[in-house]
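The chain contents come next:
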Protein chains: 2
Amino acid sequence: MYVSARSDYAVRAMLAVADAGGDPGQPGSGGELVKAATLAETQDIPLSFLQGILLDLRRAGLLHSHRGTEGGYALTRPAAEITVGDVLRAVGGALTTVRGLPAQDAGYHGVAAGLRDVWLAVDGAIGVVVDRTSLADLLVRRDHPASH
Amino acid sequence: MYVSARSDYAVRAMLAVADAGGDPGQPGSGGELVKAATLAETQDIPLSFLQGILLDLRRAGLLHSHRGTEGGYALTRPAAEITVGDVLRAVGGALTTVRGLPAQDAGYHGVAAGLRDVWLAVDGAIGVVVDRTSLADLLVRRDHPASH
DNA sequence: CAGTATTCCTACTTAGTTGGTAGGAAGAGT
DNA sequence: ACTCTTCCTACCAACTAAGTAGGAATACTG
């Protein structure tokens, strides 16, 4: 699996929003806006590059943005309901691609006919990991590294 | 997971060698040499590009080559003892890379500390699939697609 | 309500990798 | 000597990733 800088930044930014802004489901700490400049500084991400990533996350429905003097970004759903897989697919398309195409579209003939099933199995295995890990899981894991 | 054209071609070429040349472990059908031009034609791979891939596979110890009029390539081990993971690592280095670096070397700080474990879990999940699937498995799966 | 400050958002530029090609040098058989 | 095939190096085009700069929208302030 190749995790691009864009995907890596996206997950880290979402974690920072969840941590600094609080969950929208949690009463009292919900919906606080976090500025892009704050995210860029705390996670050491180039600001201009980060803005393009945040735009993708907003278009995918994972973030809510607000302009103006006290503007910023916030999660649209609680951190426990957003998975790493959601973030990866929002910025990078399909998880598994073969020569740039989704694994499902790989057409083989002859002796390599069974190969398509291998890529689909890989895609499924990756999905199990990233779709079962939520942002909230990662935040508590930071405090309790032994938990699994 | 991004499967590059180079990796895809490599697995298909290995399958074609295993199918056409026979296993070195099988008496009577072992060690027959297959020409690069034959592989390129049967699997529809550009010949010049394929030659560079075959060179990598030879250097990784997966193929044995022979020059001359009746030259060609053959497996160094039986097809049942060569996994898809062996081939992928021979031509593409590490299975999981984060921003071009192996997943183990990813260094995170602050709120993203738990992210490294996710990439390692993904790497392990991919490894389970590709390291348990041998070339021989794929060849018999072509004849019996229902088997798993 | 005009002005200003700060934000989101869009467009462009640059560097690196991937995919693919061409041409020969070295070795093996006839 | 001649032919065939692998082996090796250098090169080229296309694409994506990474990063930058400037413009448009919005909210606050006097």
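Right above here is the structure, for reference.
Residues numbered from 1 in each chain as written. Chains lettered and ligands numbered in written order. Predicted model: local features only at pLDDT ≥ 70, side-chain atom pairs only at ≥ 80, totals over all residues. Heavy atoms only, no water.

Some points on the relation of the copies chain B and chain A
To go from the first copy of the chain to the second, apply a rotation about an axis and then a shift along the same axis. For these two chains of identical sequence, chain B goes onto chain A by a turn of 180° and a shift of 0.0 Å along the axis, with RMSD 0.1 Å. Taken together, these values place the two copies in the relation of a two-fold axis. Taking C-alpha positions as the reference, the residue of chain B nearest the rotation axis is B:Met1, at 1.7 Å. Looking at the interface residues of chain B, 98% of them are also at the interface in chain A, so both copies use one shared face. (Least-squares fit on C-alpha atoms with pLDDT ≥ 70 in both. Contact = heavy atoms within 4.5 Å.)

Examining the protein's contact with DNA strand D
Taken together, the neighbourhood of DNA strand D is formed by 23 residues, with A:Ala5, B:Ala36, B:Leu55, B:Ser65 and B:Tyr73 sitting nearest. B:Ala36 is positioned with one of its backbone polar atoms (N or O) 2.7 Å from a phosphate oxygen of DNA strand D. The contact in question runs from a sugar or linking oxygen of DNA strand D to an N or O atom on the backbone of B:Gly68, over 2.8 Å. Counting only elements with at least two residues in the surface near DNA strand D, the list comes to helix H1 (5-21) and helix H3 (47-59) of chain A together with helix H3 (47-59), strand E2 (63-66) and strand E3 (72-75) of chain B. In terms of residue count, H3(B) provides more of the surface near DNA strand D than any other element does, four residues in total. (Near = heavy atom within 4 Å. Polar contact = N/O pair within 3.5 Å; in protein donor to acceptor, adjacent residues only side chain to side chain. Helix = DSSP H or I, 4+ residues; strand = E, 2+ residues; numbered from the N terminus.)

Topic: the protein's contact with DNA strand C
Taken together, 24 residues lie near DNA strand C, and A:Lys35, A:Gln51, A:Leu55, A:Tyr73 and B:Ala5 sit nearest. In DNA strand C, atoms within 4 Å of the protein come 74% from sugar and phosphate. Within the backbone of B:Ala5, a nitrogen or oxygen atom sits 2.6 Å from a phosphate oxygen of DNA strand C. Counting only elements with at least two residues in the surface near DNA strand C, the list comes to H3, strand E2 (63-66) and strand E3 (72-75) of chain A together with helix H1 (5-21) and H3 of chain B. Sort the elements by how many residues they give to the surface near DNA strand C and H3(A) lands first, with four residues. When the residues that make up the surface near DNA strand C are grouped by side-chain class, the tally is eight nonpolar, nine polar and seven charged. (Nonpolar A, V, L, I, M, F, W, Y, C, P; charged D, E, K, R; others polar.)

Observations concerning the pattern of salt bridges
Residues and elements named next belong to chain B. The tally for this structure, following the rule as stated, stands at eight salt bridges over all chains. Salt-bridge contacts for arginine 12 lead to aspartate 8; the nearest nitrogen and oxygen are separated by 3.1 Å. One end of the pair, arginine 12, and the other, aspartate 8, are both in helix H1, four residues apart, so they sit about a helical turn from each other. Between arginine 77 and aspartate 86 there is a salt bridge, and its shortest N-O distance comes to 3.6 Å. Aspartate 86 sits in the partly exposed class, given a relative accessible area of 26%. (Salt bridge = Lys/Arg side-chain N within 4 Å of Asp/Glu carboxyl O. Buried < 20%, exposed > 50% of the residue type's maximum accessible area, 1.4 Å probe, protein only.)

Points about the pairing of E2(A)
All names here are of chain A. In this structure, E2 lies alongside E3, joined through four bridges in antiparallel fashion. If you follow serine 65 over to E3, its bridge partner there is tyrosine 73. Connecting E2 to the antiparallel partner E3 that follows it, the hairpin turn spans five residues, and glycine 68 within it adopts a positive phi of roughly 100°. (Pairing = 2+ DSSP bridges.)

Thoughts on the environment of A:Asp117
Structurally, A:Asp117 is set in helix H5 (residues 115-131). Taking the C-alpha atoms as reference points, A:Asp117 and A:Ala103, separated by 14 residues in sequence, lie 9.0 Å from one another.

A closer look at the sheet that holds strand E5 (residues 101-102) of chain B
The strand order across the open sheet built from three strands is E1(A)-E4(B)-E5(B), with neighbouring strands paired in mixed fashion. Bordering the open sheet on either side are strand E1 (2-3) of chain A together with E5 of chain B, each of which pairs with just one other strand.

Focus: the packing of aromatic side chains
Residue and element names in this part refer to chain A. One pass over the full model with this rule turns up two aromatic pairs over all chains. Ring centres of tyrosine 9 and phenylalanine 49 lie 5.9 Å apart, and the angle between their planes is 80°; on these two criteria the pair is classed as edge-to-face. With tyrosine 9 in helix H1 and phenylalanine 49 in helix H3, the pair connects residues that are 40 residues apart, well separated along the chain. Tyrosine 9 gets classed as buried once you look at its relative accessible area, which sits at 6%. (Phe/Tyr/Trp six-rings, centres within 6.5 Å; stacked < 30°, edge-to-face > 60°.)

Some details on the sheet that holds strand E1 (residues 2-3) of chain B
An order of E5(A)-E4(A)-E1(B) is seen for the three strands of this open sheet, with the pairing classed as mixed. For this open sheet the edge positions go to strand E5 (101-102) of chain A together with E1 of chain B, each flanked by a neighbour on one side alone.

Quick word on the side chain of B:Thr133
Counting through the fold element by element, B:Thr133 comes out in the loop between helix H5 (115-131) and helix H6 (135-143). For B:Thr133, a relative accessible area of 9% corresponds to the buried category. Engagement of the side chain of B:Thr133 in a polar contact is seen with the backbone oxygen of B:Val129, the distance being 2.9 Å. In contact with B:Thr133, not counting residues within four places along its chain, are A:Val118, B:Ile82, B:Thr83, B:Val84, B:Leu138 and B:Arg141.

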